[in-house]
Each structure stands twice: as C-alpha cells, then as structure tokens.
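Remarks on the overall topology
The residues making up each chain are set out below.
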Amino acid sequence: MFEARLVSSGTLKKVLDSIKDLLNEAIFDCSDSGIQLQAMDNSHVSLVSLNLRSDGFDKYRCDRNLSLGMNLANMAKILKCANNNDTVTIKAQDNADTVTFMFESQNQEKMSDYEMKLMNLDQEHLGIPETDYACVVRMPAHEFARICRDLTQFGDSVTVMCTKEGVRFSSSGDSGTANIKLSQTSSVDKEDEAVTIEMQEPVSLTFACQYLNSFTKATPLSAQVCLSMSPDVPLVVEYQIPDLGYIRYYLAPKIEDDDN
Amino acid sequence: MFEARLVSSGTLKKVLDSIKDLLNEAIFDCSDSGIQLQAMDNSHVSLVSLNLRSDGFDKYRCDRNLSLGMNLANMAKILKCANNNDTVTIKAQDNADTVTFMFESQNQEKMSDYEMKLMNLDQEHLGIPETDYACVVRMPAHEFARICRDLTQFGDSVTVMCTKEGVRFSSSGDSGTANIKLSQTSSVDKEDEAVTIEMQEPVSLTFACQYLNSFTKATPLSAQVCLSMSPDVPLVVEYQIPDLGYIRYYLAPKIEDDDN
Amino acid sequence: MFEARLVSSGTLKKVLDSIKDLLNEAIFDCSDSGIQLQAMDNSHVSLVSLNLRSDGFDKYRCDRNLSLGMNLANMAKILKCANNNDTVTIKAQDNADTVTFMFESQNQEKMSDYEMKLMNLDQEHLGIPETDYACVVRMPAHEFARICRDLTQFGDSVTVMCTKEGVRFSSSGDSGTANIKLSQTSSVDKEDEAVTIEMQEPVSLTFACQYLNSFTKATPLSAQVCLSMSPDVPLVVEYQIPDLGYIRYYLAPKIEDDDN
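Residues numbered from 1 in each chain as written. Chains lettered and ligands numbered in written order. Predicted model: local features only at pLDDT ≥ 70, side-chain atom pairs only at ≥ 80, totals over all residues. Heavy atoms only, no water.

Focus: the interface of chain C and chain A
How big an interface is tends to be expressed through the accessible area that disappears when the partners come together. Between chain C and chain A, the contact holds 16 residues from the first and 17 residues from the second. Surface buried jointly by chain C and chain A totals about 1500 Å² across both partners, of which 40% is contributed by carbon and sulfur atoms. Where chain C packs against chain A, one counts 2 salt bridges. In this structure, C:Lys110 and A:Glu143 form a salt bridge, with 2.7 Å as the shortest nitrogen-oxygen distance. Between chain C and chain A we count 10 residue pairs in polar contact (both at pLDDT 80 or more) in total. Looking at the side of chain C that touches chain A, the elements that each hand over two or more residues are helix 2 (72-80) and strand 9 (110-117) of chain C. With 7 residues, strand 9 of chain C is the single largest residue contributor to the side of chain C that touches chain A. A per-class count over the side of chain C that touches chain A returns 6 nonpolar, 4 polar and 6 charged. Taken together, the 6 bridges between strand 13 (residues 176-183) of chain A and strand 9 of chain C define a ladder with antiparallel strand orientation. Across the sheet, residue A:Ala178 finds its bridge partner in strand 9 of chain C, namely C:Tyr114. (Contact = heavy atoms within 4.5 Å. Buried area = accessible area lost by both parts, 1.4 Å probe. Salt bridge = Lys/Arg side-chain N within 4 Å of Asp/Glu carboxyl O. Polar contact = N/O pair within 3.5 Å; in protein donor to acceptor, adjacent residues only side chain to side chain. Helix = DSSP H or I, 4+ residues; strand = E, 2+ residues; numbered from the N terminus. Nonpolar A, V, L, I, M, F, W, Y, C, P; charged D, E, K, R; others polar. Pairing = 2+ DSSP bridges.)

Notes on the UniProt feature "domain: Proliferating cell nuclear antigen PCNA N-terminal" (unreviewed entry) in chain A
Under the present numbering, the feature "domain: Proliferating cell nuclear antigen PCNA N-terminal" (unreviewed entry) in UniProt falls on residues 1-125 of chain A. The straight-line gap between the two end C-alpha atoms of residues 1-125 of chain A is 24 Å; of that span, 16% is helix and 46% is strand. (UniProt positions renumbered as here; feature names shortened; annotations may be inferred.)

A closer look at the sheet that holds strand 17 (residues 235-241) of chain B
Residue and element names in this part refer to chain B. The sheet built from 9 strands is open, its strands ordered 6-2-3-4-18-17-16-10-14 with antiparallel pairing. Whereas interior strands pair on both sides, the edge strands pair on one side only; in this sheet they are strand 6 (66-71) and strand 14 (196-199). Taking each pair of neighbouring strands and ignoring which way they run, the sheet shows an average axis angle of 15°. As defined by bridge partners, strand 4 (residues 47-53) adjoins strand 18 (residues 245-251) across 6 bridges and the pair is classed as antiparallel. In the strand pairing of strand 18, Ser-49 is matched with Arg-248. Of the strands in this sheet, strand 2 (25-31) and strand 6 are in contact with helix 2 (residues 72-80), which crosses strand 6 at around 85°. Along the sheet, helix 3 (residues 141-152) makes contact with strand 10 (135-140), strand 16 (224-229) and strand 17, crossing strand 10 at roughly 100°. (Axes fitted to C-alpha atoms, helices over the stretch in contact; angles between N-to-C directions.)

Let's talk about the side chain of B:Asp86
Residue and element names in this part refer to chain B. Relative to the helices and strands, Asp-86 resides in the loop between helix 2 and strand 7 (87-92). Lacking a salt bridge, the buried Asp-86 has Lys-110 as its closest oppositely charged neighbour, with an N-O distance of 5.9 Å. With sequence-adjacent residues up to four places away left out, Asp-86 is seen in contact with Leu-6, Val-7, Ser-8, Ser-9, Phe-103, Glu-104 and Ser-105. (Buried < 20%, exposed > 50% of the residue type's maximum accessible area, 1.4 Å probe, protein only. Lys, Arg positive; Asp, Glu negative; His and termini not counted.)

Comments concerning the interface of chain A and chain B
The partner chain B presents 17 residues to the 16 residues of chain A that form the contact. Across the chain A to chain B interface the summed buried area is about 1500 Å²; carbon plus sulfur atoms make up 40%. At the boundary of chain A and chain B, one finds 2 salt bridges. Run the count over chain A and chain B and you get 10 residue pairs in polar contact (both at pLDDT 80 or more). Looking at the side of chain A that touches chain B residue by residue, the classes come out as 6 nonpolar, 4 polar and 6 charged.

Some words on the nonpolar core
Grouped burial of nonpolar side chains is what soluble globular proteins tend to show. Counting 243 residues, the largest nonpolar core has A:Phe2, A:Phe169, B:Phe2, B:Phe169, C:Phe2 and C:Phe169 as the members making the most contacts within it. Setting aside anything within four residues of it in sequence, one finds C:Phe169 in contact with C:Met139, C:Phe144, C:Ile147, C:Leu151, C:Val158, C:Thr159, C:Val160, C:Ala178, C:Asn179, C:Ile180, C:Leu182 and C:Leu227. (Core = buried A, V, L, I, M, F, W, Y, C linked by side-chain atoms within 4.5 Å.)

Brief notes about the relation of the copies chain C and chain A
Of the transformation placing chain C onto chain A, the axial shift is 0.0 Å and the rotation is 120°, giving an RMSD of 0.0 Å. Taken together, the rotation angle and the small translation identify this as a three-fold axis. Relative to the rotation axis, the closest C-alpha in chain C is found at C:Pro220, a distance of 18 Å. (Least-squares fit on C-alpha atoms with pLDDT ≥ 70 in both.)

Notes on the environment of C:Glu238
Residue and element names in this part refer to chain C. Inspection of the secondary structure assignment puts Glu-238 in strand 17 (residues 235-241). With 14 residues separating them along the chain, Glu-238 and Gln-224 place their C-alpha atoms 8.8 Å apart. In this structure Glu-238 touches Gln-224, Val-225, Cys-226, Tyr-246, Ile-247 and Arg-248, once residues within four positions along its chain are discounted. Reaching out from Glu-238, the side chain makes a polar contact with the side chain of Gln-240 at a distance of 2.4 Å.

Here it is in structure tokens:
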C-alpha cells in the first residue's frame, strides 16, 4: 500500500508541468524515503532527476518499494481537474495496475477520484557522479527563463560565460547578435532577486536553447535557479521545491563550441 | 411597433452567448408578455427554451405579436459593438423585414444603431409537458461548468447519480476513470455556493458531454444552475436570469446506459 | 557617431508597434534635430510619417546625418527583449553597417546589447503639402480604435461624416448596416476623453477599414487621436507622442464614394 498526501495540489501540478514537456511517460519510484524519478528526455539528450522527500508530504506511507509507470499526458489531464488549494492524495495498492488520485476541496463538500492505468516501463538508472563545479551561479528563476526565451529568438544555442564579476549569455544568428550580462548582486535586500557566483575558474560553455527552455518550465516551483558548470561536463540546472525536494536537469555542452 | 430596452446590454450579450453555440438562427417571439424563443439545436438533439418577461425590461412595448427570425452570428457581431454598460434598445416595425439595435453610452455622447435583415424561419413549437422530477439538484453554476469541462477529458458521456446525500458525476475512457462527488451543503452561509437536493427517488442517468458543455455557456447569467432529472425523461438544465426570466435546456438521457 | 538614449524602452516599443504592421523595413533618418521616418506602407497605399525630436531623448548625439535602414521584424525581436522600464540606447558608428541596441535595468545589474545588420534601402521622400482642413476631429484614441474594429465587422470601408454637432462613422454589408455617432463633448472634465470638432465645412469621406485599423496600432502612444479631413485630400490620422514627437498616417479617400 502506497499513499502520499499533499495539502495543496498546486505544487504537484507545477512538478508535473516541469517534466511533461521533456517526458511522455516516466517511472515514479516510491520508497520509504520519498518519490524519485530519473529519466532521459524523449530525445535522449538531457536527463531529468526529481526528488520528493517523504517528510515533505502531509501524509506518507509506503509499505513496499513501488515503481509506478505513468503516462504524463494522462496524469496532466487528471491534475487539471484539481483546484490549486484542493488536497491531493496519490494511492496505489501493492502489485496493482492502477493508481488513484483523490482531490478534496477545503470545505470537503467536493471529493473527486481519478483512476489511471499504470504502464510497464523499462528502468534505466544512470549514475550521476558527484562533481566539484568550476562555476556555480544562483539567480532569479524568472530571470533565467526570460533570458533563455529572449535568446532563442536569435539562435539555436546559448553560450554561457561565467567570471567572478558576472555571467554572460550570448546567442547569434541571421537577425543579429545578442549578449545579456548579469552582475553579481552587491547588496542582497531581496534574497530571491540575488545573483551570486561561486567561481573556481572561469568557464565558457555552449548549450542548445531548446532544452534550456524546457528546463525553465520548472520556474513556478522556485524563486531561484542554480546553474553548475565545468568544462566538458554536463550543466546542472537545479530548482529547489520548498520543503519538499528538488528537480535537476542535466545537459551536456555542445562540442562544436570548442572548435570555434 | 415593437420596442424593448435594457439599461445594461451586458445581460443581452450573455443571453446570446448562451444560445449561439447551439443555434445558428432562431425566432424570437415577441408578445405583450415578453420575448420567447424555443428551438431544437442545430443537430436536433437538445431543446433550448428562453423566456424574457416584459416586466424585466426597462421599457417594453409590443403592439402586435411579432416573430423575429434572426441570424445569431450576425446578432453577435452587432452585440460585440456594445459596451457592457451601454443601454440597448431593440426595435422593429410591424411587418418590417429588419430589426434595429440601438446602443447609447451612459453619458449619451456615443450613440450607435445597427440594422439587421430578418429571416423567414419555420416555426416548430414543441409542447414540453410539466413533469414531477425524481431529483432536483441546485448547485453553483460555475461548479457545474467546471465538472462538465473536466469530465469531457475522460469520455464522451457523463453519468449523473443522485441520492439524498449528494450527486456524483462520472466518466471513463482510455485515459482513466473519473468520479466527482458533491455533498449537499450543510450550512448555507453563501446561498450562491450551496448544493441542495430535492429527491423523491434516486436516479442514475447518462448524458452526452458535448451538449452539457454547450449548456454551460449560460453560466455567466446565473450564480446557480438547477438540474431536474427523472428516469427516461429529458434532463432540464435551468439558469434563472435575475429579474428578467430564464433559459432552460432539455436533453434526453443516453439509452445505452441502461443496457450496461 | 550616433547615440540616442531613452530612459524608458516602453515608448520605443510602442513606436515600433505602430509601424511594423504597415512596414517590413524602413529608413530611420537621424540628424541633429532628431529621428525621422517617412515611408509608403508595403502595399503603397498609405503613408507613414514618424518624427522623434532630439530634445525628447534623455541623451542625443548625432555627429553626421545617418540613414539607418532596418528590418522591422528583427528590430521587434530585439525590443521584445527589453523590459518596459529598461533604459534603451541606440548606437551606430558613422559608415557602419550595424546598429546596436543597449538595454540597462534600473538597478544596472542586467545589461544587454543587441547588434543588428543595417539594410540598403531606397529612399523615397514624398513632399506632404501643408493643407487647411475642412474638419479636424480630436477624440479619445481608444474610442477611434474601437470604432474601426467594430465597423470592420460589417464592411470593407468606413464613411466618416463630420458636422458641427458631431462625427458619424458608418459601414454596411451583408450582415447589416452600422452607424456610430459621437457628439462634441459639452463639458470637458477629462481632457483625454473629450471629442472636439473644428469645422469649416462639413465633409463625408470613405476610407478602407484595413488601413484605419493598422493606424490604430499607435493607440497606446497617445490618449487622443486627431483626424484631419478635406474633400479629395488624404485623411491625416495623428498621434502625439508625449514629450517626444508624433506619428502621422495619410490615407486617400475612396473615390467610389463620390459616385454613390
């Protein structure tokens, strides 16, 4: 028997929004410690890693480890039916072939349940080595989303150049050349709006815009995003989910960039 | 000479929105007692019945009974030109082949008139027998609209099951099974948000989602919707139009449901 | 060296929005007195004349007259990247083949620059004779936009009839006939909402809706629009850009109208 309950279904909707562009279906690994999901995106270029801690749920019970394979488009249909302040409960019997989502309104006068068939999906667990990164940039999540969206207009790829002073995002194509520079924030009045840089050595790496834009679907989950970069190593784009866990995206830099 | 005046054109816009999905054209029967419209929808499945009482208008004059056949798409074009707080006057001469809509702004510095050709349409008056219904459910109109919209994602039809405790709406299809239960409201602080049930015997009836969704276009007219149901008899979905009248939709239950 | 700076990029965005529907590309003539643009629209029917005075900029320097030929779609891509309260600076070297747009956030922690290739475009300067107009109508810009949009539903052209009492806009077609009358405002409490008419003789002229609708893209620039009309002479639709200049559109009346 698996049962996990969140007082606000809004967070679960945002979690799903952050992965459903990249993944058509996915396995949610449920254990005593929480729910984990790790998968390559549909085109097998980037990697998504989601972690929701059991203590972040308002109620959590997992008698046996379960791997729940779900169609994310169908899951999205179901979550669309919840109001953001509905309580959501996810339930599955051991060895069952369905999962149930239950929504309760705050006054408990509306109760809904949605049953969805589970899928048999192949597990592919990739080890992600711990790395010391050359540069770690923390910045407002909405600012990162805006920059990715803006630069996509000019080219297919974005070059991120990070020094002690700041971080520069560049793109170019037929319609022109674009450079956006963010300085490290001097005074941090609003922590959410800060740009902070931890640098061991400067880096300059190029990434495909398309994937960065997909990663920014997680923006509503978190005020800040953290970009960890080292030469020849996948970029990590991390969004903390307050009190619940995190979602991380991994994307290898483009190699052509080194040749130019 | 026919002349009917409403201080706020917003209501007339909402009335038109509630029928123009179902009907391409319609006859507005104008008499001393008010304006009535009764018509089968374009696919001849459901029935629309609209009643606007003469005393609900700010000015009303109807010297002779008139049947005004109107193209509802053209009428919608005209009403789109009114601001919601414009005064609207509908005018037609006896035996005329046009109808005129006049809009006046509150400060009377903008006056518009729109003349539209009338159509010759066949009258088809259907008697609707008065029925005692097994179940009459009153609920917030926006909640009913939301439920119809949500369940449409899962299947083509919705089963409504009504008991003394509450009403359950269900739908199922390839992507899963959905059940939404509303309990009768215990305390009625906000009358508009109440769910009330008058039951003589429980019913379980199945209806086509598509038509229910079209009926909910009337939602902006009324805080509450009233569903009247009996076995083997058309469902009545009624929206009161405050101080002016009502719109009712009739839809026969699906027969296959009884076989399953 | 050319350099022009505006504290708020919002104005420049609105200026571009007011011309990019009519023009694919255009020459911005930069001189000591400011920036001017004059061009026939893509279909060579109407004329656009934009004037931004040098003293309206927060910083302005133009060592030599420059004619900057720009692709407006690419310029729009760039301006989309600015926040409305970013400071914008336009820069070009003498004899350069590129122009640079620089955006700075208010806290100066985000700086962006966009370089765009200039185009070689043919100049075509049309002399616009000064005219005394028979009627000059000033009215709220949003009201004019609304009227053009509404009447477009009924026909391809709008007849504007102006007398001392007011101005009437008419259109007709298969779905009906529409007349919108605005009276000259009696008391002018809100200057922006006033309708004022200076008339030497009444006029009645007919114009193509399509172009009027394109002109109203300038509505966000100005609270009021000014229509200047004389028989057989192009209509002038003018929007003042507060503290910076103006945009004027010229459109010849339809000749068929005189025949009817």
